[in-house]
Amino acid sequence: MNTPLRRVGLAMMAMFLLLLGNATYVQVIKADDYRKNPLNNRVILDQYSRERGQIIASDGTPLAAVQKTDDRLEYLRTYANGPVFAPVTGYFSWIYGAGGMERAEDDLLNGSDDRLFTSRVSDLITGRDPKGGSLQLTIDAKLQQAAFDQLQSQGVTGTVVAIKPDTGEILAMASTPSYDPNLLASHDADVQEDTWAAFEADPAKPTLNRAVHENYPPGSTFKLVVAAAALAEGKTKDSPVDGRPVITLPGTNTTLPNFNDTTCGDGVTATLQEALAKSCNTAFAVLANELGADKLRDKAAEFGIGEQDLTIPLSVVPSTLGPISDTPSLYQTGIGQKDVRVTPLANAVLAATIANGGVRMQPHLVGKILAPDLQTISETKPDEAAEAMEPEHATALRDMMIASENNTSGGGKLRNVTIASKTGTAEHGEDVRATKPHAWYVAFAPAEKPEIAIAVIVENGGQQGLSATGGRVAAPIGRAVIGAYLGGR
Amino acid sequence: MLAFAATLVTSALILVEANQEQELTMRIVWLGLAYLGVLTVVHLAVRKWAPYADPVIMPCVALLNGLGLVMIYRIDLAMADVKFADGSTWSPAAPKQVLWTAIALVLFCTALKVLSDHRTLARYGYTFGLLGLVALVLPGVLPSFIAPEINGAKIWLSFGAFSIQPGEFAKILLMVFFAAFLVSKRDLFTIAGRRVLGLDLPRARDLGPLIAAWAVGVSIMVLQKDLGSSLLFFGIVLVLLYVATERAAWVVLGVVMFCVGAFAAWKLFRHVQVRVQNWLDPFIDPYGTGHQILESLFGLGTGGLFGAGLGGGRPDEIPEANTDFITAVIGEELGFVGLSAVLLIYTVLALRGLRSALAVRDTFGKLLGGGLAFAMAFQIFIVVGGVTKLIPMTGITAPFLSYGGSSLLANYILAALLLRISDAARAPKATPKPRPQQPAIADQFTVMVERPK
């Protein structure tokens, strides 16, 4: 009887070996696949059960915080005043992932970032729950609120970006229509799913951060780049430029008129300053042709247009001049049409660069990185990205922009502050006559010692529709935002 | 070794507390000491009533049981904040399991004391067989108010506050019966029938017991929808037959019958098809029927080589965490290393049992010991194999680890029987009668032996 018993023993050993072998396969060889499988809730649950770091505004106003809950996700992400700051904070959903800053700085907020190494080690020793680090943004909470209110009260689809010219700090980044990230952070899966489906179905794209994730034809605001290139080539604000009310694009029958067929100067020539102030299309189209595509492209690049992988740390879609394949295209590029596309952020950087004496500062949203105990770990230092203009050229362009502001209609002018600005009314779409134009306003103030540079765009002219211009639609919003910033202290 | 087991269990408990509540109290020390105290009492009982018993079996059992208690407690902590769909909350299982452990240990000691020789069991073989059969089939045929269907299986008898799984006891009762039956009728089964393909087939009329076992296995599956138990039961009978007759033909026949039965079941029953499908590809229905096995695999995978640490995993994600899937929780929190260690403890336990069976002198003891040891190993194979997707998942508990009074009681009886057999195997033979002393050589008569010429 002992022989079969021994064989049974061997069979038992074989069974255990099989189990061990299979356990090796599951837990060692396939372990990573299982761990990273999207159906595996463990990783996301771990993130939720850890106290996620806060996102606060530059003055300490909490924008995103956590609230202890009694369900198994332990912490609920909350956004005070969600829709106002949503383009910046983004959302944090355990079904749809994260967006905005929540995504860009996820490692820091969830505590796995290397910069938090020391505090993690001390947590390990003291046995406290690991916490995420916090972010102090450069966003000015009051200004952001003002910008959002301006857009919201007009009921428009658009965005306002405000930058501090001498540092590159982004002071405000509002986008409408907006959304409430609290709904996406809900611990109720149904709420998340319904909200997400509604956002996806909404043609107004509420979750789109228009300031950085969308680019638009810049229209006349691009004349600033052309003017800067011309100044660099030795022109002054008094240099004569083309003043005809309408020209025909070379080699075609297409005409290119000034807005409302306005005459600039004496109808033959005008000064560069007048051409910019009156936004003469013919003058800048011809000027662009004189400069040539390469010089235009180089100057644009110095202003950051064409930069591919900009992160602030939100990723920014690239701005571009397009291919400029022939001379008519070059003419149209000169007035910011054809294939030129810029993000509202890029236009704000353009204004900020001129305001900062031609020095382009790297735009950024993160002011300080804070440890879980709110000790500062690191601080973003202003970073000079490029010297786009000579200081005297910047001053000349500033004066031209002051003239432009004085020539711009539209309400909301500020009494005690000199603004330097440029408006734009950008045609777009297949049928430009029937499509409502985008209204632009880029500006900085006070002109003598700039403290804020902004770009405003109102998609499709807002309420004014076909008759919209940058001056009538976008300028009042921009001026109100500047007023809120300068008057708010 | 018992003290070592107690230390391990206490440190495991400390880790759980540390990871879950960040506060250590003196309570743990008392719990550890209490555990050690209980173990000492059991140890003394074993010394007294089975002084020659294998010294490794009891510490293995104690370690597994203690680890099981810690894991069940740990799962209680995890489930404490979970609210079920019907609004009810989790009722802690650990205190009940501690109570069951106490009862089981008392039963264990009683069994050791009352049963001074395992051969007495053989005398009541038929009685046990009948009892076992009744216990096995009872929940399947009784109306559902007393035998409710839980998680699709109809294997419980419910008496108000507590419920038992008679199948767990039936397993041992029937094993005793089969061992006794086979020992008495052993010669019958070795008579050769026809020879086919180099195998001596048994005579058709001797197939009775095998067919009966097969029928019982099938009926468990049909009436109670308990695949694991039917597989376990059939496997045990097959091994007992093989050991008793020393004929591989039984095994071949049995495997063929098993394949036929399994294939038919797969064709006929929806719940069997679902199990097989989830085994082949659990991702087909990740939120439905594949959920259990997927969560188990995710847990094991997330645990990886060294695990998430005791108290650091997410057993609330795994369904049935404290019964069928308790090894998955161990795999997640202690990693591959911990799971292997647990498997090794089981291996040691089963092999020690088998060694006793090899060493014991009576055939009944050999059969019973071999059967008990194999049952332990096979049960682990079925449950861990199911959890790690080696074989289709069949709901069955892990001996000593899983939550469940019946399982614990039955397995402690099993351990008592193994100890009894090993005691008999290792006991020195009854001291032989002293031989009359031979007188010293000098006192012998001297005899002249003539030299051969």
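A quick note: this is a predicted structure, and the numbers were derived from the prediction, not measured.

Draft legend 1. Local environment of the state of the cysteines. Residues and elements named next belong to chain A. The tally for this structure, following the rule as stated, stands at 1 disulfide over all chains. Between Cys264 and Cys280 runs a disulfide, and the two sulfur atoms are separated by 1.7 Å. The sign of the S-S torsion, about -100 degrees, decides the handedness of the disulfide formed by Cys264 and Cys280: left-handed. With Cys264 in the loop between strand E11 (255–257) and strand E12 (269–271) and Cys280 in the loop between helix H13 (272–277) and helix H14 (281–291), this residue pair connects regions lying 16 residues apart in the sequence. Take Cys264: its relative accessible area is 0%, and that puts it in the buried class.

Draft legend 2. Structural detail: helix H14 (residues 326–359) of chain B. Residue and element names in this part refer to chain B. Here H14 spans only 34 Å end to end across 34 residues, well under the 50 Å set by a 1.5 Å rise per residue. At Gly335, H14 is bent by approximately 125 degrees, the largest bend along its length. The element H14 is extensively covered by neighbouring structure, given that 25 of its 34 residues are classed as buried.

Draft legend 3. Examining the side chain of A:Arg77 more closely. Residues and elements named next belong to chain A. As for its placement among the helices and strands, Arg77 is situated in strand E3 (residues 75–79). Within the local environment of Arg77, its side chain forms a polar contact with the backbone oxygen of Gly53, the two atoms lying 2.7 Å apart. A polar contact is formed between the side chain of Arg77 and the side chain of Glu102, at a distance of 2.7 Å. If sequence neighbours within four positions are ignored, Arg77 has contacts with Arg52, Gly53, Gln54, Ile55, Ala64, Ala65, Val66, Phe92, Glu102, Leu109, Asn182 and Ala185.

Draft legend 4. Highlighting the interface of chain B and chain A. With 54 residues of chain B at the contact, the number on the chain A side is 36 residues. Buried surface at the junction of chain B and chain A, both sides included, amounts to about 4,200 Å², of which 70% is carbon and sulfur. Looking at the side of chain B facing chain A, the largest losses of area belong to B:Phe298, B:Arg314 and B:Leu358, adding up to 16% of the total buried there. At the boundary of chain B with chain A, the tally comes to 0 salt bridges. One can count 5 residue pairs in polar contact (both at pLDDT 80 or more) joining chain B with chain A. Those elements giving two or more residues to the side of chain B that touches chain A turn out to be helix H10 (227–245), helix H13 (291–303), H14 and helix H15 (363–387) of chain B. Ranked by residues supplied to the side of chain B that touches chain A, first place goes to H14(B) with 14 residues. Looking at the side of chain B that touches chain A, its residues break down into 31 nonpolar, 13 polar and 10 charged.

Draft legend 5. Highlighting empty space enclosed by the protein. All names here are of chain A. Going through the model one piece at a time under the given rule, you end up with 3 cavities of 30 Å³ or more. For the largest cavity, the lining is made up of 14 residues, of which Gly304, Glu307, Leu310, Val316 and Ala346 are closest to its centre. Looking at the lining of the largest cavity, the element that brings in the most residues is helix H17 (residues 344–355), giving 3 residues. Among the residues making up the lining of the largest cavity, the classes are represented as 9 nonpolar, 3 polar and 2 charged.

The rules behind these values
- Residues numbered from 1 in each chain as written.
- Chains lettered and ligands numbered in written order.
- Predicted model: local features only at pLDDT ≥ 70, side-chain atom pairs only at ≥ 80, totals over all residues.
- Heavy atoms only, no water.
- Disulfide = S-S within 2.5 Å.
- Helix = DSSP H or I, 4+ residues; strand = E, 2+ residues; numbered from the N terminus.
- Buried < 20%, exposed > 50% of the residue type's maximum accessible area, 1.4 Å probe, protein only.
- Expected span 1.5 Å × (residues − 1).
- Bend = angle between axes of the 7 residues up to and from the residue.
- Polar contact = N/O pair within 3.5 Å; in protein donor to acceptor, adjacent residues only side chain to side chain.
- Contact = heavy atoms within 4.5 Å.
- Buried area = accessible area lost by both parts, 1.4 Å probe.
- Salt bridge = Lys/Arg side-chain N within 4 Å of Asp/Glu carboxyl O.
- Nonpolar A, V, L, I, M, F, W, Y, C, P; charged D, E, K, R; others polar.
- 1 Å grid on protein atoms, 1.4 Å probe; cavity = no way out; pocket = protein on both sides within 12 Å on 5 of 7 lines; lining within 4 Å.
- Points joined across faces, edges and corners; volume = space filled by probe spheres on them.

Fair warning: the whole summary comes from geometry, so function is off the table for now.
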